[in-house]
Amino acid sequence: MIKKNTLVFDFDGTLVESNHIKYNCFFLTTKNFKEHHEKLNDIISNNINFDRYDIIREFGKQVKIPNKEIENLILSYNMLVTNQINQAKEIEGSSKIIDLANKHRMNIYINSATPILELKKTVRYRRIAILDENIFGKPNSKIKNMQEIVSKEKDKSHILFVGDGILDKQCAENFKIDFACIRNRENKDWSYKEKFNFSSNYDLVNFMTRNNLF
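Basis of the calculations
Residues numbered from 1 in each chain as written. Predicted model: local features only at pLDDT ≥ 70, side-chain atom pairs only at ≥ 80, totals over all residues. Heavy atoms only, no water. Salt bridge = Lys/Arg side-chain N within 4 Å of Asp/Glu carboxyl O. Helix = DSSP H or I, 4+ residues; strand = E, 2+ residues; numbered from the N terminus. Disulfide = S-S within 2.5 Å. Buried < 20%, exposed > 50% of the residue type's maximum accessible area, 1.4 Å probe, protein only. Pairing = 2+ DSSP bridges.

S.K.: Tell me about the pattern of salt bridges, and name the residues and values.
M.R.: Taken as a whole and judged by the stated rule, the model has ten salt bridges. Two residues, lysine 142 and aspartate 10, come together in a salt bridge whose shortest N-O distance is 3.0 Å. Placement of the pair is lysine 142 in helix α7 (residues 142-153) and aspartate 10 in the loop between β1 (6-9) and α1 (19-29), with a sequence separation of 132 residues. Salt bridges sharing partners connect three or more residues here, namely Asp10, Lys142 and Asp168.

S.K.: Residue-level account of the state of the cysteines, with values.
M.R.: This structure, assessed with the given rule, holds zero disulfides. With no disulfide of its own, cysteine 171 has cysteine 181 as its nearest cysteine by sulfur position, at a separation of 14 Å.

S.K.: Describe in detail the pairing of strand β2 (residues 107-115), supporting the description with residues and values.
M.R.: The buried count for β2 comes to seven of nine residues, which makes it a mostly enclosed element. By the bridge criterion, four bridges tie β1 to β2 in an arrangement that is parallel. Across the sheet, residue valine 8 finds its bridge partner in β2, namely tyrosine 109. Alignment of β2 against strand β3 (residues 135-138), held across three bridges, turns out to be parallel. Paired with isoleucine 110 across the strands is isoleucine 135, a residue of β3.

The following block contains the structure:
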């Protein structure tokens, strides 16, 4: 891996311990439809490109929930998940790596599947030191977001994408960008096979420091 001047982070499971929060909040929000939760789990598991709106609307469609109630479920989900993620623990070393990247005048981005407005609110609330215009989320895909980042940065060989999901891995491979995988229980089936895999951002900081990658 060569020296980097740009870091691109996924958000959930990469900067903040929030994968489980987003998953659990689907079931908390739809607690009045417990008899259909197996169907909800199937929708979540089988549609990795779906965002929160897609999941809830597809669930509502399959369970025949009135449109107005579906939109109310979306509002309830947004409030619940935002409050919990605002208070969630960071992945160890997240603040450290962002502080070091800023100190070395690196360009820092977020490329997430979270809806952009909610994502920006959370980043501001948590005081994560990343420029507002460098935060990318839904409705655009991670591929489309990365295309915009690459076009801004010109030399993609100096970009490192840090993530924890299979979509992150695929996105990095699509652009032939180095990928640093943050291991967790959700990606244990494949993360250890990645060339660059780390237990936390603190582990990644140590690797980058030892190899003069900042």
